[in-house]
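Spelled out from the first residue to the last, the chains are:
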Amino acid sequence: MNATDRTPADLLRSALATDPARPLVTFYDDATGERVELSVATFANWVAKTANLLQGDLAAEPGDRLALLLPAHWQSAVWLLACSSVGVLVDVQGDPAGADLVVSGPDTLEAARGCSGERVALALRPLGGRFPEAPAGFADYAVEVPGQGDRFAPFAPVDPDAPALAVGGVELTASHLVARAREDAAGLGLSAGSRLLTGRAYDSWEGLSAGLFAPLAAGGSVVLCRHLDRLDEDALAKRLESERVTSTVV
């Protein structure tokens, strides 16, 4: 990655310029059997569309606070980078009542109704499928995002020294987030081409770092596993081999 990168969105742009075809996020849900693999280019396209939705239709601005009520999932990773692209602070598992916007999965809709601002719901169905019927008071992400533009340009420059992420009582600026991700990558022995498998939840810095930011900062990729505890030792060993995993954090 480029030493001048100071935001997660910068890291993604560098990855896109370096090798857009390589895998970036491979997602498994071992409760449903779902597997999704996104190259850098495909992931960046989802991020651009989501950032356009956020900035355009949802009128989000730098400094706004978004409560992200999603599990470890490839679409959660997309939202994290989209918020970085716009300059919106992501409050992971934060209080919707204190947020300007909320993004919710199907299991947290009631809590998400505490947000008085814009509300977006994700069905988290395979292949990014929509709700059979959109929850009342929410925009269905799967309905709204496909028509968004494939390229994104922020209306205002993103300040690397502005707050970018709040999780588990820790608040980080974008530049501090990138620095910590690089430190974590070094601590995990990650480098360009590394492939990290993790079963950690997206409810702590450690989970977010292993599940996205550290591999991205290293020029590697992540195999993000939800409900990994449902795999026995043989099945896990086969996954490590088939996915060419070089490091694990489970």
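Above this text is the structure in question.
What you see is a predicted model; the values in this text were computed from it and never measured. The numbering scheme is per chain: residues are counted from 1 as the chain's sequence reads. In keeping with the predicted nature of the model, local features appear solely for residues at pLDDT of at least 70, side-chain atom pairs appear and are counted solely at 80 or more, and the whole-chain, interface and lining totals rest on all residues. To obtain the side-chain values, all non-hydrogen atoms of the structure were used and water was disregarded.

Novice: Sorry, what's going on with the overall build of the protein here?
Specialist: Strands here are runs of E lasting at least two residues and helices are runs of H or I lasting at least four, both read from the DSSP assignment and numbered beginning at the N terminus. Each helix and strand counted, the protein has eight helices and 12 strands in total. When we talk radius of gyration, it's over C-alpha atoms, and the globule rule is simply 2.2 Å times the number of residues to the 0.38. Scaling as 2.2 N^0.38, a compact globule of 250 residues should have a C-alpha radius of gyration of about 18 Å, and the protein matches this with 17 Å. If you line up the protein on its principal axes, its C-alpha atoms span 45 × 40 × 35 Å. A 1.4 Å probe rolled over the protein chains alone gives each residue an accessible area, and that area as a share of the maximum for its type sets the label: buried under 20%, exposed over 50%, partly exposed in between. Counting all 250 residues of the protein, 53% fall into the buried class. Taking contacts inside the protein between residues at least 6 apart in sequence as the whole, the part at least 24 apart equals 67%. Neither His nor the chain termini are counted; the positive set is Lys and Arg, and the negative set is Asp and Glu. A charge is said to be at NZ when it belongs to Lys, at CZ for Arg, at CG for Asp and at CD for Glu. Each charge sign in the protein was given a centre, from 20 positive and 33 negative side chains, and these centres are 5 Å apart. Two residues form a contact once any of their heavy atoms are found within 4.5 Å.

Novice: Would you mind going over the sheet that holds strand S11 (residues 221-226) with me for this structure?
Specialist: By way of backbone hydrogen bonds, the strands of a sheet pair with one another, either parallel or antiparallel. Any two strands with at least two DSSP bridges between them are considered paired. Reading across from one edge, S2-S1-S11-S10-S12 is the order of the five strands in this open sheet, with mixed pairing throughout. The two strands at the open ends of the sheet, each matched to only one other strand, are strand S2 (34-39) and strand S12 (247-249). Strand-to-strand twist of the sheet, defined as the mean angle between neighbouring strand axes without regard to direction, takes the value 15 degrees. Bridging between strand S1 (residues 23-29) and S11 involves five bridges; their strand directions are parallel. Following the sheet pairing, aspartate 29 is matched in S11 by arginine 226. Axis definition: a line fitted to C-alpha atoms, limited for helices to the stretch in contact. Angles are taken between N-to-C directions and run from 0 to 180 degrees.

Novice: Please explain the layout of surface pockets as it appears in this structure.
Specialist: Unoccupied space between atoms shows up once a probe the size of one water molecule is rolled over them. Buried and open spaces are told apart on a 1 Å grid over the protein atoms alone, a cavity being a set of points where a 1.4 Å probe fits but cannot get out and a pocket being an open set with protein on both sides within 12 Å along at least five of seven lines. Residues with an atom within 4 Å of a point are the lining residues. Grid points are joined across faces, edges and corners, and a volume is the space filled by probe spheres set on the points. Taken as a whole, the largest pocket spans an internal volume of roughly 390 Å³. What lines the largest pocket is a set of 19 residues, among which Ala9, Arg13, Val47, Ser85 and Phe152 lie closest to the centre. For the lining of the largest pocket, the elements supplying multiple residues, two or more each, are helix H1 (8-18), helix H2 (40-57) and helix H3 (74-86). Note on residue classes: Ala, Val, Leu, Ile, Met, Phe, Trp, Tyr, Cys and Pro are nonpolar, Asp, Glu, Lys and Arg are charged, and everything else, Gly too, is polar. Its residues placed into classes, the lining of the largest pocket shows 11 nonpolar, three polar and five charged.

Novice: Hey, could you run me through the pairing of strand S4 (residues 89-92) in this one?
Specialist: Regular strands show a simple pattern: their side chains alternate between the two faces of the sheet. Burial along S4 is two-sided: the residues Leu89 and Asp91 and Val90 and Val92 are all buried. Inspection of the sheet shows strand S3 (residues 65-69) paired to S4 by four bridges, in the parallel sense. Counted as the bridge partner of alanine 67 is aspartate 91 from S4. Regarding the hand of the β-α-β motif, the stretch spanning S3, H3 and S4 is right-handed. Pairing between S4 and strand S8 (residues 163-167): two bridges, direction parallel. Here a crossover is taken to be right-handed if, once the strands point away from the viewer, the path from the first strand over the helix to the second is traced clockwise.

Novice: Teacher, can you tell me more about the pattern of salt bridges here?
Specialist: Two side chains carrying opposite charge are able to pair once their charged atoms lie near each other. For this analysis, a salt bridge means a side-chain nitrogen from Lys or Arg found within 4 Å of a carboxyl oxygen belonging to Asp or Glu. Evaluated as defined, the whole model comprises 12 salt bridges. Residues arginine 226 and aspartate 29 are paired through a salt bridge, measuring 3.8 Å at the closest nitrogen-oxygen approach. Here the residue arginine 226 occupies a position in strand S11, and aspartate 29 occupies one in strand S1, the gap between them amounting to 197 residues. With a relative accessible area of 5%, aspartate 29 lands in the buried category. Taken together, the shared-partner salt bridges connect Arg35, Glu37, Arg195 and Glu243 into one network.

Novice: Would you explain empty space enclosed by the protein in this entry?
Specialist: Across all of its chains, the model carries one cavity of 30 Å³ or more by this definition. Pro8, Leu80, Cys83, Ser84, Val90, Ala164, Leu165, Leu177 and Phe213 are the residues that line the largest cavity. Broken down by secondary-structure element, the contributors of at least two residues to the lining of the largest cavity are H3 and S8. Among the elements that make up the lining of the largest cavity, the one with the highest residue count is H3 (three residues).

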